[in-house]
Amino acid sequence: MRHITTAEMTTPEMSEAESLEVTKIYSISGFLSDGHALIKSRPFRAPHHNASLNALIGGGANAMPGEVSLAHNGVLFLDELAKFPNRTLDALRQPVEDKKVCISRVNGTHTFPSNFMFVTAMNPCPCGYFPGRKCTCTDYEIIKYRNRISGPIMDRIDIQKSVHPVNFFEASKGETKRRTSAELRAVVERARKIQQERYRNEEAVYCNAQMTTSLMQQYCGLDHASLELLKTTCEAFGYSARTIHKLLRLARTSADIDGVPEIRSIDIQKVLRLRDLDKSNSSLLVVKSARMQDQRECQVPVNCNQLMKKRDELHNKELLQTIEHSSRSFEEIMDFLTADDSQE
Ligand SMILES: [Zn+2]
């Protein structure tokens, strides 16, 4: 009996053309299981962070497809992203961007498709408990850990959400109505149908993620209030044009999920809440001073109540400026940060 995987239950059905593409890749890789002429469910690949560059991108003496191609038309899931070697993460940029991967060998160059949905997970900090009380990391350590994922890779990730620990007492009440995977799949299929209809005259565009700039001008018009909201947030977080395009595509999808023709202000508000990591990073504090020669910024204590309070009082940027221009010594900065104003 064939087992139905979770990916099969939750991902939208593949078209016949997509099925053929996936089957061809699995066939040349020798992964086509007995009795299966055609793969009908979207692949779900989750390679370990120890996987070699060749295994992930493709290669070897016979230039075989890698995980990025085995995940074509499906999902590539990388758990513990920060543990993947930098070389591997950098090599992912081309297949993510171009939706294909080129492997050159002595006997020729091979091109494999790699149009997958990139899903990844990582801890918020080295110890894994940030922003909870149990976290023992300093902001410096957290920033260093998060910087393992380079800007260009982060830029290519559309949705970044923090997942908070489950509150046992809330969850056991069982009051919250959760949508089942089958219900979610129906919602996704409905939204995709709208998109297929919208792009029926476009070449190689089937969903919002593939929208070109000119298509975005046509289908992602915003009213004045939404435009202002988007502009203010993008300026505050210094978003690149690539990120703004991603936000607009997501807003279009949000409107499609609700089946409405125009992007609403509520869609923009919704997508601006989908970049948790940017917001979390902007609240982190690394103290640097002109007189600090060594790397003592890593000694800034976190979980210190006074420091937290001070951070809440002042905007992070303002605080950094105050410190950076003051040329104070490390001890003076610590005194300034940990001073308890209420006792003055
Ligand atoms: Zn931590």
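Residues numbered from 1 in each chain as written. Predicted model: local features only at pLDDT ≥ 70, side-chain atom pairs only at ≥ 80, totals over all residues.

A word on the overall build of the protein
Looking only at helices and strands, the protein features 17 helices and seven strands. Counting only residues that meet the buried cut, the protein has 21% of its 344 residues in that class. Restricting the contact set of the protein to residue pairs at least 6 apart, pairs at least 24 apart contribute 68%. (Helix = DSSP H or I, 4+ residues; strand = E, 2+ residues; numbered from the N terminus. Buried ≥ 20, exposed ≤ 12 C-beta atoms within 10 Å, placed from the backbone. Contact = placed C-beta atoms within 7 Å.)

Observations regarding the nonpolar core
Of all hydrophobic cores here, the largest spans 16 residues; its most connected members are I25, I57, V68, A71, L76, V101 and F116. In this view, A71 contacts P43, R45, L76 and F116; residues no more than four positions away in its chain are not counted. Y219, C220, L247 and A255 belong to the second largest nonpolar core, which has 13 residues in total. (Core = buried A, V, L, I, M, F, W, Y, C linked by C-beta atoms within 7 Å.)

Focus: the packing of helix α12 (residues 241–257) against helix α13 (residues 265–272)
Contact pair α12 / α13: the axes reach a minimum separation of 9 Å and the direction vectors enclose 125°. The angle between the axes of α12 and α13 places the two elements in the oblique class. The way α12 lies across α13 gives a crossing that is right-handed. Taken together, the residues of α13 that come into contact with α12 (itself represented by L247, L250, A251, S254 and A255) are D267, I268, K270 and V271. Tallied by class, residues from the contact of α12 with α13 come to six nonpolar, one polar and two charged. (Axes fitted to C-alpha atoms, helices over the stretch in contact; angles between N-to-C directions. Parallel < 35°, antiparallel > 145°, perpendicular 65-115°, else oblique. Left-handed = near helix turned anticlockwise from the far one by under 90°. Nonpolar A, V, L, I, M, F, W, Y, C, P; charged D, E, K, R; others polar.)

A few points about the environment of L92
By secondary structure assignment, the location of L92 is in helix α5 (residues 86–98). Take L92: there are 25 C-beta atoms within 10 Å of it, and that puts it in the buried class. With 61 residues separating them along the chain, L92 and I153 place their C-alpha atoms 8.2 Å apart.

All quantities given are derived from atomic positions and should not be read as evidence of function.
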